[in-house]
Amino acid sequence: MERGDNGRPSKKPKFSYNDNGEKGDYNKLEWKPDHPNRPLAELIHEYNLTPESLFAAASTGLETETIISVLNKLSKNNLAKQLIDFIQSSTANCGKAKLVLKNNRYFVESTFPEVMNTLLNDKLVSEEKISRITSNGKEFEIDPRKVQDVMKCCSQDGLNYPMVEEYNYRNDSVNPNVGMELKPQAHAMIRPYQCKSLSMMFGNGKARSGIIVLPCGAGKSLVGVSAASTIGKSCLCLATNGVSVDQWVHQFKLWSTIRDQQICHFKSDCKEEVEKMLIRRKNNVAGVVLVTTYSMLGCGGNRSQQSKNIIEEIKNREWGLILMDEVHVTPAESFRNVIQITKSHCKLGLTATLLREDDKISDLNFLIGPKLYEANWLDLAKCGYIANMECFEVRYEMTESFAKYYYKKENSFERMQALYLMNPNKFRMLFMSKVGDNPLDIPEANVIIEISWHGGSRRQEAQCLGRILRAKKSKEKYNAFFYSLVSTHTREMEFAAKRQQFLVDQGYSYKIITRLNLPDFPPLGSGALSYDTLEDQRALLEKVLSARKDILGGQDPLLH
């Protein structure tokens, strides 16, 4: 048996291997008799069945037999017995163990005696257990500082009893209500896919912790405000930067009936207001919505006494909901601490790009919860909910002077990167800087020209394109355009292919342009365009070659 963390046997189901532990070969499965009559799909989307994805399906209410039945109906082959066994083993333990917050204390609950025995016999779980099993034999308390470790231990990579977090908010008489509801115009604005995403989170008067994935410009903020309004308890909203904090405060006031004295934001330049409000709402025993950044709570360093007081108050409060914008950043070491120091009944993560270039994206399964819903980008574009995007990769030859230095053998990766990114032939066209990687509301823009990037980051490419994805008034076939400028015969082409992979998986395609015909542009060499003359190009080359190493960038991301 494969070994997991701390040397314990890993019970995670494996589908890619047969009963003998050998790599499975499924190329010879027989087609169903009606296969020739099945029409070819316009687009083919590849899905990967994993224990995490099957657990996510089961956690939203899908029964094992329903999953198997639907797959069998849609599959061109009869389902292999091994696949059926894999689905059953991946979903069998869903909901058998739960993490519950009571009076700022965390308890593990289960009504299955065999599950309780398995958990308590595990070394890590037993070490983090604070109290013995209660008199009803269905729960025990764990150290709040070790919740993440226990959740990871119980996941599919460990004991294969992944814990779910469900909040019975309707029957919570301990925590005070905020007293906000969605405005009537917000109800009218909610789209079908937003309703569906919320239905995956709420059911039977309970709220499930998990992640909702919607494209940029598809209304994630309205989903977040709707979730907070439905639960109606104190909400801690986390964003990536100060601009996003202001946007979230605006969205809460736009879509809900929350009053000014019920909502505040905690930033480096705004502390007095939040400190007074938290204390006032605590004394009045009333709920509050607090919007801040991950770094304000998660990062260490020297802090003023005022900041320490605010953070301590946030730690001591029992939050009904933690709303996490751009949740893909959470696994970072500096940010995941936020989950550990705050106590909440329910967590909702929102993102357009459930991607990371490291191996930590799967940590979200035990840090936040399973993926509850994901919308397809092209489906929303066809319905007019987001822009119809046309993507181009425009390839430029390096100028002679830049190419001469690029192909020198003694060049470092950082120097080569600077040369192909600063290729003067690119600078003949609005371009987006790295500020476009994060939430930035520019609804009227419909063209982005990207001239540089961070290695092969798929998330950065999708986030950059997302700046112009908001639905446009134009009814033309394409009403938004994304241009990515690439230097030919350089490693930039390799990075471009990797960056585009997420959008290609969503159904987008890139048209390759090797020559632009721009009749209204001045002729090359006239000096009317940026870096058009040899003198300008040489001056730019000197700046690139003399730049310090720390300015040029990091190491080759494809090798590390």
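Up top is the structure.
Residues numbered from 1 in each chain as written. Predicted model: local features only at pLDDT ≥ 70, side-chain atom pairs only at ≥ 80, totals over all residues. Heavy atoms only, no water.

A. Representation of the sheet that holds strand 3 (residues 139-142) in the model. Taken in spatial order, the 3 strands make up an open sheet running 1-2-3, and their pairing is antiparallel. Each end of this open sheet is capped by a strand with a single partner; those strands are strand 1 (98-102) and strand 3. Neighbour-to-neighbour, the strand axes of the sheet open up by a mean angle of 35°, direction not taken into account. Pairing of strand 1 with strand 2 (residues 105-109), which is carried by 5 bridges, proceeds in the antiparallel orientation. (Pairing = 2+ DSSP bridges. Helix = DSSP H or I, 4+ residues; strand = E, 2+ residues; numbered from the N terminus. Axes fitted to C-alpha atoms, helices over the stretch in contact; angles between N-to-C directions.)

B. A look at the environment of Tyr169. Positionally, Tyr169 belongs in the loop between strand 4 (166-167) and helix 7 (184-189). Classification of Tyr169 as buried rests on a relative accessible area of 7%. When sequence neighbours within four positions are dropped, the list of residues in contact with Tyr169 reads Phe202, Gly205, Lys206, Ala207, Thr230, Ile231 and Lys233. (Buried < 20%, exposed > 50% of the residue type's maximum accessible area, 1.4 Å probe, protein only. Contact = heavy atoms within 4.5 Å.)

C. How the structure looks around the packing of helix 8 (residues 192-201) against helix 9 (residues 220-231). Interhelical geometry of helix 8 versus helix 9 gives an angle of 40° and a closest axis separation of 10 Å. Between helix 8 and helix 9, the crossing angle belongs to the class labelled oblique. Helix 8 and helix 9 meet at a crossing whose hand is right-handed. Contacts from Gln194, Ser197, Leu198 and Met201 of helix 8 reach helix 9 at Leu222, Val223, Ser226, Ala227 and Ile231. Grouping the amino acids of the contact of helix 8 with helix 9 by side-chain chemistry returns 6 nonpolar, 3 polar and no charged. (Parallel < 35°, antiparallel > 145°, perpendicular 65-115°, else oblique. Left-handed = near helix turned anticlockwise from the far one by under 90°. Nonpolar A, V, L, I, M, F, W, Y, C, P; charged D, E, K, R; others polar.)

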